[in-house]
Amino acid sequence: MCEAGRSSTLFIEVGSAANGRYFGTQCGVPRMHSLEAKSPADGVVTDVRIGYVGGGSQGWALTLINDLAQCADVSGTVALYDVNYEGTVENAELGNDVMAREDVPGDWTFEAYRDIDDALADSDFVVCSTQDPPEETFVHDIDVPEEYGIYQTVADTVGPGGAVRALRSVPQYREIAATVREQCPDAWVVNYTNPMTVCTRALYEEYPDINAIGLCHEVFHIQHMLADVAERYVDAAEDVSGSEINVNVKGINHFTWIDEAYWRGHDIFQYLDEELERRKPLPGFEPGDLEGESYWSNHHQVAFDLYDRFGLLGAAGDRHLAEFVPWYLDVDDGAEVERWGMRLTPSSARRSDGEAPAKMDKFRDENGEFHLKESGEEVVDIMRALLGLEPIKTHVNHPNVGQCPDLPDGAVVETNALITGDDISPITAGTLPRQVRSMVTQTIHNQETLVEAGFAGDLDLAFQAFLNEPLVTIQRDEAADLFTELVTLERDYFGDYDLEGATILDD
């Protein structure tokens, strides 16, 4: 039985899909959205308002400008908000300059705001992509655990770095959700921020009636790899696009799994055993083999090793997958991680003047000129679908209402969903093998504990989740020292926590 205003799912068959799954429909009382008033009569939607939290970004903000510039059938206003107001002003100027070009079909006006309430007021959509200053946070999340012998390839989702990042994020996403509740309660909220699961879950915990999803591009990379598999093993398969690969996705963000893959009716999953043998031995590299490669390089060795062990393909980049289990990164020397075809990301690459900003700013040439490209992201397509222009099926992070029947209800899970002008309806993904479910469930419970601790301001409770992270393989007293050191170094970002009453900080 479902409550009015809350998403619930009854599974009914509405048509055949390549994987034979079912679409979910809303239960009982339909939810009403302000977008209904914007339903297109002539294939064009105007006066759409997008509120952007993190609008001073030099990464996702540029992606949104790029994608909106190429959208000819939706127009409106983008309200940019960021604690870095100067960044929003720069992005507003850039966005308006791009829209003024004769070769750009998009018609959007970008505005910079100092106040989040003003930016989100009456928004139809809210986009979130936030990042604390890396020099004050992310650098510590990477470097300090390494001093304790804990190596992390990303440090933004799980592990000691991911856990502390989650604790910093929960109060921020409570504020966003509260602002949505007051300023635009019917808006669709799209979160791009990591830790994806915790941030999206915090939105729902603060405002249960929020319409929010999280988007991540990791599964797209696996689809591109599976497109290569299709070309290798299916007769007459040439120039297969990753978007043509229909996969069944299940799990949680960055620890997602695929157990079915199809291309034009061809079962691609059946070729994975042969592909696994082609890729062996696993691991297949030696320390030093990746010298000169990007820190973000990915050879899918971890994904295929998980397939070899559990029968499901890991559906994220190896750098993310490795952090959910204790064995790939349990090394005496960080260089040993390269045996799995991936590199540790040094904190220097995360700094404002490091490799990451240059990697994200992919739309500018050496002269700073903005060039339109195919971004591979789907947020504009999702907006178009919710505005009634064109339905889309894709993977999203959404509270579990039955699409993962063997995972906890309400936990944010990642599965496929059907997105239309009516709603976002998760597609049932089926169950996970017992051992995979055990690993996924451990992370879910840790993340739920971090959200609970964030709402309570309770660092002692937070340490329970921290201690239970698979990468925290050190002694309990060392783990306490590590946790305390991270919180102390980042103390300015823990103002919503009871620092004085935290027993763990006094141990």
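The structure contained in this document is the topic of the report that follows. (Residues numbered from 1 in each chain as written. Predicted model: local features only at pLDDT ≥ 70, side-chain atom pairs only at ≥ 80, totals over all residues. Heavy atoms only, no water.)

## So, a negative patch on the surface
Together, Glu-86, Glu-90, Glu-93 and Asp-97 make up a negatively charged patch on the protein surface. Mapping Glu-86 onto the fold places it in helix H2 (residues 85–99). Relative accessible area serves as the criterion here: at 51%, Glu-86 is assigned to the exposed category. (Patch = residues over 30% accessible without salt bridge, like charges linked within 9 Å, V, L, I, M, F, W, Y side chains within 5 Å. Areas by Shrake-Rupley, 256 points an atom, 1.4 Å probe, with all protein chains shown as cover. Salt bridge = Lys/Arg side-chain N within 4 Å of Asp/Glu carboxyl O. Lys, Arg positive; Asp, Glu negative; His and termini not counted. Charge placed at Lys NZ, Arg CZ, Asp CG, Glu CD. Helix = DSSP H or I, 4+ residues; strand = E, 2+ residues; numbered from the N terminus. Buried < 20%, exposed > 50% of the residue type's maximum accessible area, 1.4 Å probe, protein only.)

## Remarks on the pattern of salt bridges
As enumerated under the stated definition, the model contains 21 salt bridges in all. The residue Arg-491 makes a salt bridge to Glu-500 at a minimum N-O spacing of 3.3 Å. A relative accessible area of 66% means that Glu-500 is categorised as exposed. Because the salt bridges share partners, they merge into one network encompassing Asp-132, Asp-141, Arg-168 and Glu-490.

## Observations regarding the pairing of strand S9 (residues 245–252)
Counting buried positions along S9 yields 7 of 8 residues, so the element is predominantly enclosed. Pairing of S9 with strand S10 (residues 255–263) involves 8 bridges; the strand directions are antiparallel. Looking at S10, one finds that Asn-248 is bridged to Glu-260. (Pairing = 2+ DSSP bridges.)

## Comments concerning the layout of surface pockets
Over the atoms rolls a probe the size of a water molecule, and its path tells where empty space is left. Volume-wise, the second largest pocket comes out at about 470 Å³. Along the walls of the second largest pocket sit 20 residues, with Phe-220, Gln-223, Ser-243, Glu-378 and Thr-394 positioned nearest its centre. When contributions to the lining of the second largest pocket are tallied by element, the ones reaching two or more residues are helix H7 (218–233), S9 and strand S13 (392–399). A per-class count over the lining of the second largest pocket returns 5 nonpolar, 10 polar and 5 charged. (1 Å grid on protein atoms, 1.4 Å probe; cavity = no way out; pocket = protein on both sides within 12 Å on 5 of 7 lines; lining within 4 Å. Points joined across faces, edges and corners; volume = space filled by probe spheres on them. Nonpolar A, V, L, I, M, F, W, Y, C, P; charged D, E, K, R; others polar.)

## Concerning the pairing of strand S8 (residues 211–214)
Both faces of S8 are covered, namely the face carrying Asn-211 and Ile-213 and the face carrying Ala-212 and Gly-214. In this sheet, S8 lies alongside strand S7 (residues 188–191) in parallel orientation, the contact comprising 4 bridges. Its bridge partner lying in S8, Val-190 is registered against Ile-213. Handedness of the β-α-β unit built from S7, helix H6 (residues 196–206) and S8 comes out right-handed. (Right-handed = clockwise from strand over helix to strand, strands pointing away.)

## Looking at the environment of Glu-490
Assignment of secondary structure puts Glu-490 in the segment after helix H15 (476–489). For Glu-490, a relative accessible area of 0% translates into the label buried. In this view, Glu-490 contacts Glu-136, Thr-137, His-140, Asp-141, Val-164 and Arg-168; residues no more than four positions away in its chain are not counted. (Contact = heavy atoms within 4.5 Å.)

## Notes on H6
Counting buried residues in H6 gives 10 out of 11 residues, a clear majority hidden from the surface. Along H6, the residues that are buried comprise Met-196, Thr-197, Val-198, Cys-199, Thr-200, Arg-201, Ala-202, Leu-203, Tyr-204 and Glu-206.

## Focus on helix H9 (residues 301–310)
The buried count for H9 comes to 7 of 10 residues, which makes it a mostly enclosed element. Here H9 has its buried residues at Gln-301, Val-302, Ala-303, Phe-304, Asp-305, Leu-306 and Tyr-307. Phi turns positive, to about 85 degrees, at Gly-311, one or two residues after H9.

## Observations regarding the packing of helix H4 (residues 138–147) against helix H5 (residues 159–183)
Where H4 contacts H5, the two axes come as close as 9 Å, and the packing angle between them is 150 degrees. Here H4 is positioned roughly antiparallel relative to H5, judged by the angle of their axes. Crossing hand, H4 versus H5: right-handed. Between H4 and H5, the residues in contact are Phe-138, Asp-141 and Pro-145 and Pro-160, Gly-161, Val-164, Arg-165 and Arg-168, respectively. In terms of residue class, the contact of H4 with H5 is built from 4 nonpolar, 1 polar and 3 charged. (Axes fitted to C-alpha atoms, helices over the stretch in contact; angles between N-to-C directions. Parallel < 35°, antiparallel > 145°, perpendicular 65-115°, else oblique. Left-handed = near helix turned anticlockwise from the far one by under 90°.)

## Quick look at the environment of Gly-501
Looking at the secondary structure, you find Gly-501 in the segment after H15. Sequence spacing of Gly-501 and Asp-460 is 41 residues, and the spatial spacing of their C-alpha atoms is 9.1 Å.

## Let's talk about unusual backbone geometry
In this structure, Pro-195 follows Asn-194 across a cis peptide bond, with omega equal to 0 degrees. For Pro-195, the location among the structural elements is in the loop between S7 and H6. A cis geometry characterises the amide bond from Leu-282 onward to Pro-283, with omega recorded as 0 degrees. Inspection of the secondary structure puts Pro-283 in the loop between helix H8 (272–279) and H9. For Asp-239, which is not a glycine, the phi torsion comes out positive at approximately 50 degrees. Tracing the chain through its elements places Asp-239 in the loop between H7 and S9.

## Remarks on the packing of H5 against helix H14 (residues 459–467)
The geometry of H5 relative to H14 is characterised by a closest axis approach of 10 Å and an angle of 150 degrees between their N-to-C directions. Regarding the angle of H5 to H14, the classification is roughly antiparallel. In the packing of H5 onto H14, the handedness of the crossing is right-handed. Between H5 and H14, the residues in contact are Pro-160, Ala-163, Val-164 and Leu-167 and Leu-459, Ala-462 and Phe-466, respectively. Considering only residue class, the contact of H5 with H14 consists of 7 nonpolar, no polar and no charged.

## Comments concerning the nonpolar core
Leu-226, Leu-313 and Leu-459 are the most contacted members of the largest nonpolar core, which has 112 residues in total. In terms of residues, this core owes the most to one element, H5, which gives 9 residues. When neighbours within four sequence positions are excluded, Leu-459 is seen to be in contact with Leu-167, Phe-483, Val-487, Phe-494, Tyr-497, Leu-499, Ala-502, Ile-504 and Leu-505. (Core = buried A, V, L, I, M, F, W, Y, C linked by side-chain atoms within 4.5 Å.)

## Overview of the side chain of Ser-57
Within the secondary structure, Ser-57 sits in the loop between strand S3 (45–53) and helix H1 (60–69). Of the residues examined, Ser-57 reaches a relative accessible area of 17% and is grouped as buried. Ignoring anything within four residues of it in the chain, the contact list for Ser-57 reads Tyr-52, Asp-82, Asn-91 and Ser-129.

## Here we look at the packing of aromatic side chains
Applying the stated rule across the entire model yields 14 aromatic pairs. Aromatic side chains Phe-255 and Phe-324 sit 4.5 Å apart centroid to centroid with 5 degrees between the ring planes, which places their arrangement in the stacked category. Taken together, the residues span a long stretch of sequence, with Phe-255 in strand S10 and Phe-324 in the loop between helix H10 (318–321) and helix H11 (355–360) at a distance of 69 residues. Judged by relative accessible area, Phe-255 falls into the buried class, the value being 0%. Ring pairs connect the aromatic residues Phe-255, Trp-257, Phe-310 and Phe-324, which therefore count as one cluster. The ring of Tyr-85 carries Arg-114 above its face, with NZ or CZ at 3.8 Å from the centroid. Directly above the ring of Phe-138 sits Arg-165, whose terminal nitrogen or CZ lies 5.0 Å from the centroid. (Phe/Tyr/Trp six-rings, centres within 6.5 Å; stacked < 30°, edge-to-face > 60°. Lys NZ or Arg CZ within 6 Å of the ring centre and 35° of its normal.)

Shape descriptors only; they carry no functional weight alone.
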